[in-house]
Amino acid sequence: MFALQFNQLDRQAELRINPAQLRDLAQQTDSIILPVHRQQLLTQGDSLLWLNWRELSGTVEDIQDKHLIYLGQVKEADQIKHYFSYRLTKPDYFIQQFNFVSLKGLRELLPLLSESEAFLANVAIGIEHWHNTHQYCGYCGHATYSKLAGFVRQCSNQECDKEHYPRTDAAVICAITYQDKILLGRQAQWPEKLYSVIAGFVEPGESLEQAVAREANEEAGLTVTNIQYFGSQPWPFPQSLMTGFTAEATDPSIELKDDELEHAAWFTRSQINELVNSEQLILPNKYSISRTLIEHWRELSI
Ligand SMILES: [Zn+2]
């Protein structure tokens, strides 16, 4: 299975209404706090810098509840640990105070992290990104403030009073096949030789299946049938939920209707093997649902 599927986080949403209780939980010696700054995480060498409250308060002078986000609890060997993230405004203090500390993005960190670490880091940077991009109310333009342990931002204009909730952008990704071939394409700005399956964002008023059919048509001029759900993956670059599908093209003629792909073609399993082995083709990284879709197809009996 693909990355970011860890399912042991109990988000304990009912605790979000009580800031005092959450601060007590955060101060427990075995509670863990992950500092986040602009979708980057503090790392020490190749490891995430997980802190306890003492370490956080020793570096951040004035810990503010508005920057503290409760991620939830994880049961580990009969012990329950509470996980938080903290939105750092000034990461420089950490970089000065701890040895070998730097900020790294999740894409760079994914290969280094355990399943649970990657998942928790993903939740933390996803919600942090939403805070960074929703500082102002989209209805009236006044400032918003964080509440409910970081899961709501409230408009400060009392006449407006709108509550804003974390956003996730729905996207579809689809392995389209025709007989014994799969469609792979590439965008001009991707690394050289990298090919993947087609993907795109869901538009307002559109079902996931309709988005698959539209993207197949826009990107490759294909009509697809037998659209089947495959699985989903949160993809925090910056805030998507990728929903994976398989589908079959009714006709193999490819036409690049929009400018999204610079090239697309049908590949058999043996062609992919040969091109990958001779380093003429690079597939998406193994943590992505796109790679999982391709590998799933490669393993199917012909
Ligand atoms: Zn407002």
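What you are looking at is a predicted structure, and each value in this text was computed from that prediction instead of being measured. (Residues numbered from 1 in each chain as written. Predicted model: local features only at pLDDT ≥ 70, side-chain atom pairs only at ≥ 80, totals over all residues. Heavy atoms only, no water.)

Quick look at the coordination of the zinc ion
No. 1: Taken together, the protein ligands of the zinc ion are Cys137 (SG), Cys140 (SG), Cys155 (SG) and Cys160 (SG), with distances of 2.3 to 2.4 Å.
No. 2: Every donor counted, the four donor atoms about the zinc ion form angles of 95 to 114° at the centre, which fits tetrahedral coordination.
No. 3: Ordering the donors of the zinc ion by residue number gives the pattern C-x2-C-x14-C-x4-C. In this pair, Cys140 is assigned in the loop between helix H5 (115–133) and strand S8 (144–147) and Cys160 in the loop between strand S9 (152–155) and strand S10 (163–164), connecting sequence segments 20 residues apart.
No. 4: Note on Cys140: relative accessible area 31%, which makes it partly exposed.
No. 5: Classification of Cys160 as buried rests on a relative accessible area of 17%. (Donors = N, O, S within 2.8 Å, 3.2 Å for Na, K, Ca; no water. Tetrahedral: all angles 85-135°; square planar, octahedral: opposite > 155°, others 65-115°. Helix = DSSP H or I, 4+ residues; strand = E, 2+ residues; numbered from the N terminus. Buried < 20%, exposed > 50% of the residue type's maximum accessible area, 1.4 Å probe, protein only.)

Quick look at the sheet that holds S10
No. 1: Spatially, the three strands line up as an open sheet ordered S8-S9-S10, and their pairing is antiparallel. Strands at the two margins of the open sheet, each flanked by one partner only, are S8 and S10.
No. 2: In terms of strand pairing, S9 meets S10 through two bridges, oriented antiparallel. By the bridge assignment for S10, Gln154 is matched with Glu163. (Pairing = 2+ DSSP bridges.)

Here's the deal with the domain arrangement of the protein chain
No. 1: One can read the domain layout of the protein chain as domain 1 (9–131), domain 2 (134–167) and domain 3 (169–299).
No. 2: Spacing between the C-alpha centres of domain 1 and domain 2 amounts to 23 Å.
No. 3: Facing the 11 residues of domain 1 at the interface are 13 residues of domain 2.
No. 4: Between domain 1 and domain 2 the total buried area reaches about 1100 Å² when both faces are included, carbon and sulfur atoms providing 61% of it.
No. 5: Per-residue buried area on domain 1 facing domain 2 is highest for Arg16, Trp130 and His131; these three make up 63% of the total on that side. (Domains from an automatic or database assignment. Contact = heavy atoms within 4.5 Å. Buried area = accessible area lost by both parts, 1.4 Å probe.)

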